[in-house]
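Reading the structure
What follows is the residue order along each chain.
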Amino acid sequence: MVEETSVETANKIKANNLIFHAGMAMLNDGQKIFMNEPEILTKFIFQNLLALINPAIAGIRGTVKEIDTNMAIADAQISAQKDGETAINVSVDADGVFGQQLAEGHYKITVSADGYVAQTFDMDLKLTGLKGLNVVMEKVV
């Protein structure tokens with residue numbers, strides 16, 4: 001097993017800082033060069049560059065499990081219906097895990113599975129990342 005030493009960690013931090021400073025210098029140069037061309041100038045602002053490589057997203061993620069055993073319910077069906085729009089089906093994997101990017105807005109999330117009581121959740125999704133939704137389902141009696 002390879003272990004990282006504090007010297008190696010310090011070297012990585014130093015290299016990352018050098019890359020960051022070089023990038024910031026390049027952005028500053030671009031701002032000076034294109035100061036009279038506003039459309040191009042915006043491409044040399046750090047926040048705008050960050051938004052291009054890390055866009056804001058909305059959506060849901062979580063798990064579907066059985067309440068008594070905590071076992072995954074792999075055959076669960078999830079639909080996400082934004083107000084006034086057609087529902088979107090969200091896939092659930094064999095471990096009961098799901099995740100789906102969705103447009104920002106208000107949704108009714110319905111979770112169902114054969115032999116279990118269906119559940120509905122109202123959720124407001126914003127462009128702040130995937131919102132967690134861990135569902136525990138009870139068997140139909």
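Scroll up for the structure.
Please read all numbers here as calculations on a predicted model, not as lab measurements.

Our next topic: the overall build of the protein chain. Assigned secondary structure in the protein chain consists of three helices and eight strands. The order of helices and strands in the protein chain, counted from the N terminus, is α-α-α-β-β-β-β-β-β-β-β. With respect to the principal axes defined by its C-alpha atoms, the protein chain has extents near 70 × 50 × 15 Å. Relative to its full complement of 141 residues, the protein chain shows a buried share of 22%.

Quick look at the pairing of strand 2 (residues 77-82) now. As judged from the six bridges shared by strand 2 and strand 5 (residues 105-112), these two strands associate in the antiparallel manner. Bridge pairing in strand 5 places Lys82 opposite Tyr107. Linking two consecutive strands that pair antiparallel, namely strand 2 and strand 3 (residues 88-90), is a turn of five residues; a positive phi of about 80° is found at Gly84 within it.

Time to look at the pairing of strand 5. Bridging between strand 5 and strand 6 (residues 119-125) involves seven bridges; their strand directions are antiparallel. The residue of strand 6 that forms the bridge with His106 is Asp124. Hairpin remark: strand 5 followed by strand 6, antiparallel, with six residues in the connecting loop; positive phi at Gly115, about 85°.

For the rest of this paragraph, the subject is the packing of aromatic side chains. For the coordinates displayed, the defined rule picks out two aromatic pairs. Here the aromatic rings of Phe34 and Phe44 are separated by 5.4 Å at their centres, their planes lie at 20°, and the arrangement is stacked. One end of the pair, Phe34, is in the loop between helix 1 (6-33) and helix 2 (38-41); the other, Phe44, is in the loop between helix 2 and helix 3 (46-53), and 10 residues separate them in sequence. Phe34 gets classed as partly exposed once you look at its relative accessible area, which sits at 21%.

This next bit is on the pattern of salt bridges. Close approach of charged atoms allows side chains with opposite charge to pair. A complete count under the given rule lists one salt bridge for this structure. With a closest N to O distance of 2.7 Å, Lys108 and Asp122 form a salt bridge. Of the two residues, Lys108 sits in strand 5 while Asp122 sits in strand 6, which places them 14 residues apart along the sequence. Judged by relative accessible area, Lys108 falls into the partly exposed class, the value being 39%.

Here we come to the side chain of Lys82. With respect to the helices and strands, the residue Lys82 is situated in strand 2. Nearest to the buried, unbridged Lys82 among oppositely charged side chains is Glu85, at 4.1 Å. Beyond its immediate sequence surroundings of up to four residues, Lys82 is in contact with Ala103, Glu104, Gly105, His106 and Tyr107.

Ranked by size, the top nonpolar core spans 21 residues in total, and within it Ile60, Val64, Ile78, Phe98, Ile109 and Met137 carry the most contacts. Every element with two or more residues in this core is listed here: strand 1 (58-66), strand 2, strand 4 (97-102), strand 5, strand 6 and strand 8 (135-137). Ile60 has contacts with Val90, Phe98, Gly99, Gln100, Leu102, Ile109, Met123, Leu125, Leu130 and Lys131, leaving out every residue within four places of it along the chain.

Phi is positive for Asn70, which is not a glycine, with a value near 65°. Structurally, the position occupied by Asn70 is in the loop between strand 1 and strand 2. Under the relative-accessibility criterion, Asn70 is labelled partly exposed at 48%.

Rules and cut-offs
Per-chain numbering applies: the sequence of each chain, read as written, is numbered from 1 onward. It should be noted that, the model being predicted, local features are given only for residues of pLDDT at least 70 and side-chain atom pairs only at 80 or more, the latter also being counted only at that level, while totals for whole chains, interfaces and linings use all residues. Hydrogens are left out, water is left out, and the side-chain values use all remaining heavy atoms of the structure. To qualify as a helix, a DSSP run of H or I must reach at least 4 residues; to qualify as a strand, a run of E must reach at least 2; elements of each kind are numbered from the N terminus. Each residue is placed in one exposure class: buried if its accessible area under a 1.4 Å probe, protein chains only, is under 20% of its type's maximum, exposed if it is over 50%, and partly exposed if it falls in between. Pairing between strands requires that DSSP locate at least two bridges from one strand to the other. Aromatic rings from Phe, Tyr and Trp, taking only the six-membered ring of Trp, are treated as a pair when their centres fall within 6.5 Å; an angle between ring planes under 30 degrees marks them as stacked, one over 60 as edge-to-face, and anything in between as tilted. Definition used for salt bridges: Asp or Glu carboxyl oxygen within 4 Å of a side-chain nitrogen of Lys or Arg. By the counting scheme adopted, Arg and Lys are positive, Glu and Asp are negative, and His together with the chain ends is not counted. Here, two residues are considered to be in contact whenever any of their heavy atoms come within 4.5 Å of each other. By nonpolar core is meant a set of buried Ala, Val, Leu, Ile, Met, Phe, Trp, Tyr and Cys residues that side-chain atoms within 4.5 Å join together.

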